[in-house]
Amino acid sequence: MDVSFLGGPRPQRGVGVVAPFDFALDRELWRWVPDEVSLHLTRTPFVPVEVSLDLARLVSEHETLHDAVQALAAVAPEVVAYACTSGSFVGGVAGERAMCAAMSQAGEIPSLTTSGALLEALREIGARRIAVVTPYTQSVTDSLEEYLAEGGMTVTGRAYLGLTRHIWKVPYRDVVDMARQAVVGATDALFISCTNLPTYDVIPQLEAELRMPVLSANQVTMWAALRAIGARAVGPYQALLDPAARSGPAGMSVSPSCPLPVTDPVVESMLGAVESVESVVDEPEAALAGAASPGSDGDPADGLDPGFGTGLGEGPYLDDSGGPAAG
């Protein structure tokens, strides 16, 4: 059979991605990428260290980045993104800039990092007062807050899980719980940190509920990398990706007591689900966190995955054997 009429595959534009060795969300990154762009991923070498400031420093050493970028250079990406939030904020703003310079020099390719993309995204949406959600320990979360302050941002509230491993297993409901805990007072936007924390599907829900832009580590990384090559990230009703969304149901100027009509079918279905739950419970937080099982004593953690506590920086995180994780 002659298939010469098909020509060849469509030309692809390449984005290189350097990720830590424990990164598990390759598929999530792809969800922001348009069809004409391919992601080329490589990982840093394994080190037997749990998620911590020590690990952040190890996976962002310039020698490690040099080797990773040189490997990616073989497939000639147009830009390289370092996809790790803690690894790119642990050295502060100067450290992040030095990482970009080291990567660019290693492969002679424009380079960026997640934390650098975060500051760029916050400026893009005009946000300076930021609520922060992380899966990290307190010390790593403190380091993020220091980085944001150095970048001219004010952290208005925060919540964290205190995890040192298996972050990719955190369910969306725990992310939602943390978001509600973190957003207090006058806040321009919410940032969900860590490229290993799933966020793609929860962003529209939180933007509709909180009435503010919601940014996540993987989202800003892909947004910045694609923008660097003149392409656009794709995603359903996300204020960073669609300027029109910033004045719609997720806009900062909309009062929760006076919601605007929703025309986006994805957001409409999400809001409808939330309204149906709110009609039968007094506290919507309890409904979205998970219904309590029969005979429950009403503890706030009822209905949550027992391996992750309440999702508010308390309760032990369990490893696969059912015991508390080390660290």
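Residues numbered from 1 in each chain as written. Predicted model: local features only at pLDDT ≥ 70, side-chain atom pairs only at ≥ 80, totals over all residues. Heavy atoms only, no water.

### Focus: the overall build of the chain
Then, number 1: Along its length, the chain carries twelve helices and eight strands.
Then, number 2: A total accessible area of about 14,500 Å² is found for the chain, and carbon and sulfur atoms account for 53% of it. (Helix = DSSP H or I, 4+ residues; strand = E, 2+ residues; numbered from the N terminus. Areas by Shrake-Rupley, 256 points an atom, 1.4 Å probe, with all protein chains shown as cover.)

### Considering the nonpolar core
Then, number 1: Val-15, Leu-148, Leu-190, Ile-192, Leu-206 and Leu-215 are the most contacted members of the largest nonpolar core, which totals 90 residues.
Then, number 2: Setting aside its immediate chain neighbours within four residues, Leu-190 contacts Ala-131, Val-132, Val-133, Ala-179, Val-183, Leu-206, Leu-210, Met-212, Pro-213, Val-214 and Leu-215. (Core = buried A, V, L, I, M, F, W, Y, C linked by side-chain atoms within 4.5 Å. Buried < 20%, exposed > 50% of the residue type's maximum accessible area, 1.4 Å probe, protein only. Contact = heavy atoms within 4.5 Å.)

### Concerning a nonpolar patch on the surface
Then, number 1: Among the surface-exposed residues, Met-1, Val-3, Phe-5 and Leu-6 lie close enough to one another that they form a single nonpolar patch of about 540 Å² accessible area.
Then, number 2: Residue position: Phe-5 is located in the segment before β1 (13-19). (Patch = residues over 30% accessible without salt bridge, like charges linked within 9 Å, V, L, I, M, F, W, Y side chains within 5 Å. Salt bridge = Lys/Arg side-chain N within 4 Å of Asp/Glu carboxyl O.)

### Some words on unusual backbone geometry
One can expect most non-glycine residues to show negative phi and most peptide bonds to be in trans.
Then, number 1: The backbone phi angle of Glu-108 is positive, close to 50°, even though this residue is not glycine.
Then, number 2: Topologically, Glu-108 is positioned in the loop between α5 (92-107) and β4 (111-113).
Then, number 3: For Arg-211, which is not a glycine, the phi torsion comes out positive at approximately 60°.
Then, number 4: Mapped onto the elements of the fold, Arg-211 is located in the loop between α9 (202-210) and β8 (214-216).
Then, number 5: According to the relative accessible area criterion, Arg-211 is buried, its value standing at 11%.

### Topic: helix α6 (residues 114-124)
Side chains that are three or four residues apart share a direction in an α-helix, a result of its 3.6 residues per turn.
Then, number 1: Judged by how many residues are buried, α6 sits mostly within the fold: eight of eleven residues are covered.
Then, number 2: For α6, the full list of buried residues reads Thr-114, Ser-115, Gly-116, Ala-117, Leu-118, Leu-119, Ala-121 and Leu-122.

### Topic: α5
Then, number 1: For α5, spanning 16 residues, the distance from its first C-alpha to its last is 23 Å, which sits close to the expected 22 Å at 1.5 Å a residue.
Then, number 2: Along α5, the positions that sit buried rather than exposed are Gly-92, Val-93, Glu-96, Met-99, Cys-100, Ala-102, Met-103, Ala-106 and Gly-107.
Then, number 3: Residues of α5 that are buried make contact with α3 (62-73), β3 (79-82), α4 (85-89), β4, α6 and α7 (138-150).
Then, number 4: Positioned one or two residues after α5, Glu-108 has a phi angle of 50°, which is positive. (Expected span 1.5 Å × (residues − 1).)

### Side note on the packing of aromatic side chains
Then, number 1: Taken as a whole and assessed by the stated rule, the structure comprises four aromatic pairs.
Then, number 2: Taken together, a centroid distance of 5.1 Å and an interplanar angle of 80° make the contact between Phe-21 and Phe-46 edge-to-face. With Phe-21 in the loop between β1 and α1 (26-31) and Phe-46 in the loop between β2 (37-43) and α2 (53-58), this pair connects stretches of sequence that are 25 residues apart. (Phe/Tyr/Trp six-rings, centres within 6.5 Å; stacked < 30°, edge-to-face > 60°.)

### Some thoughts on the side chain of Thr-134
Then, number 1: Considering the arrangement of structural elements, one finds Thr-134 in strand β5 (residues 129-134).
Then, number 2: Of the residues examined, Thr-134 reaches a relative accessible area of 0% and is grouped as buried.
Then, number 3: One polar contact links Thr-134 to Thr-141, side chain to side chain, over a distance of 2.8 Å.
Then, number 4: When neighbours within four sequence positions are excluded, Thr-134 is seen to be in contact with Thr-141, Leu-144, Ala-159, Tyr-160, Leu-161, Met-178 and Ser-193. (Polar contact = N/O pair within 3.5 Å; in protein donor to acceptor, adjacent residues only side chain to side chain.)

### As for the confidence of the model for the chain
Then, number 1: Model confidence for the chain is summarised by a mean pLDDT of 82, while 75% of its residues fall at 70 or above.
Then, number 2: Within the model, the stretch residues 254-268 combines pLDDT values under 50 with 16 contacts to residues more than four positions away or in other chains.
Then, number 3: Ignoring residues within four places in sequence, the model shows residues 273-327, a span with pLDDT below 50, making 75 contacts including any to other chains. (pLDDT = per-residue confidence, 0-100.)

### Comments concerning the pairing of β2
Then, number 1: Relative to β2, β1 is paired through seven bridges, and the arrangement is parallel. Looking at β2, one finds that Arg-13 is bridged to Val-37. (Pairing = 2+ DSSP bridges.)

### What about the sheet that holds β2?
Then, number 1: If you walk across this open sheet you meet the four strands as β2-β1-β3-β4, and the pairing is parallel. The sheet terminates laterally at β2 and β4, the two strands that pair on one side only. Neighbour-to-neighbour, the strand axes of the sheet open up by a mean angle of 25°, direction not taken into account.
Then, number 2: Sheet analysis places β1 next to β3, joined by four bridges and oriented parallel. Looking at β3, one finds that Val-15 is bridged to Val-79.
Then, number 3: Seen against the sheet, α3 touches β1, β2 and β3 and runs at an angle of roughly 155° to β1. (Axes fitted to C-alpha atoms, helices over the stretch in contact; angles between N-to-C directions.)

### A closer look at the environment of Phe-191
Then, number 1: Structurally, Phe-191 can be placed in strand β7 (residues 189-192).
Then, number 2: As a C-alpha pair, Phe-191 and Pro-213 span 22 residues in sequence and 8.7 Å in three-dimensional space.
Then, number 3: Contact partners of Phe-191, with chain neighbours within four places excluded, come to Thr-85, Leu-118, Ile-130, Ala-131, Val-132, Val-133, Leu-144, Leu-215, Ser-216 and Ala-217.

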